[in-house]
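The primary structure of each chain is shown beneath.
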Amino acid sequence: MTVLSHGRTSETTPLRLSVDRSDPAAPLVRVAGDLAYATAAPLREEIDRLLATAPRVVALDFADLLFIDSTGLAVIVHAWREGEDRGTALELRQVPRFLRAILDMTGVTGLLARPSPPVRPETARPTPSA
């Protein structure tokens, strides 16, 4: 018996996420399995939750990533773009060779390496007064 959830097909390895918030200024999301059209929504939602807290950096660890498609790639670009808007850096860790090749071929490596522009005043979070 095959049990399917969240639009996954029997050919898709489920996406597994774990989030380490021990450093609130630099949460770490471990991504495992397939990051694809049928599985990408939970990662995008988690990234949006983390970015709402405006950490200094969000790290994505891909050590256990098995597959990525264009939707998964779009989630990485979304994380970078939203982070840029909020003054949060995106850091990719443990990038497998196949993902590195995809990032290079699509130009995303260059995008991620671009220097961050200054945070726009309307998106900067106010600092609490002491």
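All values derive from a computational prediction rather than experimental measurement. (Residues numbered from 1 in each chain as written. Predicted model: local features only at pLDDT ≥ 70, side-chain atom pairs only at ≥ 80, totals over all residues. Heavy atoms only, no water.)

J.: Whenever I open this one, the overall build of the protein chain confuses me. Can you help?
T.: When its secondary structure is counted, the protein chain shows four helices and four strands. Secondary structure of the protein chain in N-to-C order comes out as β-β-α-β-α-β-α-α. Expressed as a percentage of the 130 residues in the protein chain, the buried residues total 37%. Looking at the protein chain as shown, the accessible area adds up to about 7800 Å², and 54% of this sits on carbon and sulfur atoms. (Helix = DSSP H or I, 4+ residues; strand = E, 2+ residues; numbered from the N terminus. Buried < 20%, exposed > 50% of the residue type's maximum accessible area, 1.4 Å probe, protein only. Areas by Shrake-Rupley, 256 points an atom, 1.4 Å probe, with all protein chains shown as cover.)

J.: How do you make sense of the packing of helix H1 (residues 41–52) against helix H2 (residues 70–86) when you look at a structure like this?
T.: Packed helices, taken two at a time, are described by their axes: the angle between them and the distance between them. The contact between H1 and H2 brings their axes to 10 Å, and the two run at 10°. Classified by the interaxial angle, the pair formed by H1 and H2 is roughly parallel. On H2, the residues touching Leu43, Arg44, Ile47, Asp48, Leu51 and Ala52 of H1 are Val75, His78, Ala79, Glu82, Gly83 and Arg86. When grouped by side-chain class, the residues that make up the contact of H1 with H2 number six nonpolar, two polar and four charged. (Axes fitted to C-alpha atoms, helices over the stretch in contact; angles between N-to-C directions. Parallel < 35°, antiparallel > 145°, perpendicular 65-115°, else oblique. Contact = heavy atoms within 4.5 Å. Nonpolar A, V, L, I, M, F, W, Y, C, P; charged D, E, K, R; others polar.)

J.: Is there a simple way to think about the pattern of salt bridges in this case?
T.: As a working rule, side chains carrying opposite charge can pair if their charged atoms are close by. What the rule picks out here adds up to three salt bridges. We note a salt bridge from arginine 21 to glutamate 46, for which the minimum N-O separation is 2.5 Å. Of this pair, arginine 21 sits in the loop between strand S1 (16–20) and strand S2 (28–35) while glutamate 46 sits in helix H1; the two residues are 25 residues apart in sequence, bridging distant segments of the chain. The class for arginine 21 is partly exposed, based on a relative accessible area of 47%. (Salt bridge = Lys/Arg side-chain N within 4 Å of Asp/Glu carboxyl O.)

J.: Which parts of the structure should I look at to understand unusual backbone geometry?
T.: Residues apart from glycine generally show negative phi values, whereas peptide bonds are mostly found in trans. One non-glycine residue, alanine 54, adopts positive backbone phi at about 50°. With respect to the element layout, alanine 54 can be found in the loop between H1 and strand S3 (57–68). The backbone of glutamine 94 shows a phi angle near 50°, a positive value even though the residue is not glycine. Turning to its location among the elements, glutamine 94 is positioned in the loop between strand S4 (89–93) and helix H3 (97–106). When its relative accessible area of 54% is taken as the criterion, glutamine 94 is described as exposed.

J.: Hey, could you run me through the side chain of glutamate 46 in this one?
T.: The class of glutamate 46 is buried, set by a relative accessible area of 7%. Once residues lying within four places of it in the same chain are set aside, the contact partners of glutamate 46 are Leu17, Val19 and Arg21.

J.: Explanation requested: the confidence of the model for the protein chain in the structure shown.
T.: Detailed reading of the predicted coordinates is not advisable wherever pLDDT falls low. Scored by pLDDT, the protein chain has a mean of 86; 80% of the residues are at 70 or more. Long-range and interchain partners of residues 1–8, a stretch whose pLDDT sits below 50, account for 11 contacts in this model, where long-range means more than four residues apart. (pLDDT = per-residue confidence, 0-100.)

J.: Any chance you could explain the sheet that holds S2 here in plain terms?
T.: To summarise the sheet geometry, strands pair through backbone hydrogen bonds and adopt either a parallel or an antiparallel arrangement. Taking strand neighbours across the sheet as the criterion, the four strands line up as S1-S2-S3-S4 in an open arrangement whose pairing is mixed. Each edge of the open sheet is held by one strand with a lone partner, namely S1 and S4. The sheet shows a mean angle of 20° between the axes of neighbouring strands, direction not considered. As paired strands, S2 and S3 are joined by seven bridges and run parallel to one another. In the strand pairing of S3, glycine 33 is matched with leucine 65. (Pairing = 2+ DSSP bridges.)

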